Amino acid sequence: MSFDARTFRNALGCFPTGVTIVTTTAGDSSPLGVTINSFCSVSLDPPLVLFCLDNKNTCLDAFKAAGCFAINVLCREQRELSIRFASRLEGKWKDVPYETWAGGAPILSGCLANFDCTTVDIRDGGDHQIFIGRVERLRCAQDGEPLVYYRGSYADLRDED
């Protein structure tokens, strides 16, 4: 390997990603959520998506045990929510509106899209775990702009005419 971890991370940062909050519930039914940008589609038929969660994340065991998760695709106006759920602060759910669907994971209000998923597989991915879920239900907003992360910070999409 002719590059170090920082160089690798910087190169990955050249690929802009959407920002999501992945949610589930703990064993006591309390809501859990983590900001992630490692989310993508896997298959259209059946409808599968994946996200990756760091092995050091304190919620990892709860996500593994839950059997379900929701991916909440954030809009530009939800930047502060992204920052909140990226932190380890207590009380991150205070005043956060959400609902639950059949899967039981919190579905955040005001997102561009929400995917309610049943976990179908968890794979080792080096320093992360790869969660694959079958989408059981979804919601998609008709308008709005995504929250985007690029080169280590939030970025805006701009139309150039």
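Okay, so let's go over this structure. Remember, predicted model here, so these are calculated numbers, not experimental data. (Residues numbered from 1 in each chain as written. Predicted model: local features only at pLDDT ≥ 70, side-chain atom pairs only at ≥ 80, totals over all residues. Heavy atoms only, no water.)

Digging into the side chain of T119
Filter applied, for reference: Only DSSP runs of H or I covering at least 4 residues are called helices, and only runs of E covering at least 2 are called strands; the numbering of each starts at the N terminus. The buried label goes to any residue with under 20% of its type's maximum accessible area, the exposed label to any with over 50%, and the partly exposed label to all in between, with areas taken from a 1.4 Å probe on protein chains only. For this analysis, a polar contact is any N or O atom pair within 3.5 Å, provided that within protein one partner can donate a hydrogen and the other can accept it, and provided that sequence-adjacent residues contribute only side-chain to side-chain pairs. Two residues qualify as a contact provided that any one of their heavy atoms is within 4.5 Å of a heavy atom in the partner residue.
The residue T119 is located in strand 9 (residues 113-125) in this model. Accessibility expressed as a relative area gives 19% for T119, which makes it buried. Only 3.5 Å separates the side chain of T119 from the backbone nitrogen of C68, close enough to count as a polar contact. Dropping the residues within four chain positions of it, T119 is found in contact with G67, C68, F69, F131, I132 and G133.

Digging into the pairing of strand 10 (residues 128-140)
Put simply, the rule is: At least two bridges found by DSSP between two strands is the condition for calling them paired.
Here seven bridges tie strand 5 (residues 48-54) to strand 10, and the two strands are oriented antiparallel to one another. By the bridge assignment, L48 is partnered in strand 10 with R134. Pairing analysis gives 12 bridges linking strand 9 to strand 10, with the strands arranged antiparallel. By the bridge assignment, I122 is partnered in strand 10 with F131. Here strand 9 folds back onto strand 10, and the loop between the two strands holds two residues, one of which, G126, carries a positive phi near 70°.

Here we look at the nonpolar core
Nonpolar side chains tend toward joint burial in soluble globular proteins. Operational definition: Joining through side-chain atoms within 4.5 Å is the link that ties buried Ala, Val, Leu, Ile, Met, Phe, Trp, Tyr and Cys residues into a set, and such a set is a nonpolar core.
Residues V22, F51, F63, F69 and I71 are the most contacted members of the largest nonpolar core, which totals 20 residues. If you list the elements that add at least two residues to this core, you get strand 3 (31-36), strand 5, helix 2 (60-66), strand 6 (68-73), strand 9 and strand 10. Grouped together as the second largest cluster of nonpolar side chains are 10 residues, I21, L81, L108 and L147 included.

Things to note about the sheet that holds strand 2 (residues 20-25)
Keep this limit in mind: Whenever a helix is involved, its axis is fitted only over the stretch in contact; in every case the axis is a line through C-alpha atoms, and angles between N-to-C directions fall within 0 to 180 degrees.
Judged by pairing direction, the sheet is antiparallel, and its seven strands sit side by side in the order 3-2-6-9-10-5-4 without closing on themselves. Two strands in the sheet have a free side with no partner beyond their single neighbour: strand 3 and strand 4 (39-43). Strand-to-strand twist of the sheet, defined as the mean angle between neighbouring strand axes without regard to direction, takes the value 35°. Pairing geometry for strand 4 and strand 5, over four bridges, is antiparallel. Paired with S43 across the strands is L48, a residue of strand 5.

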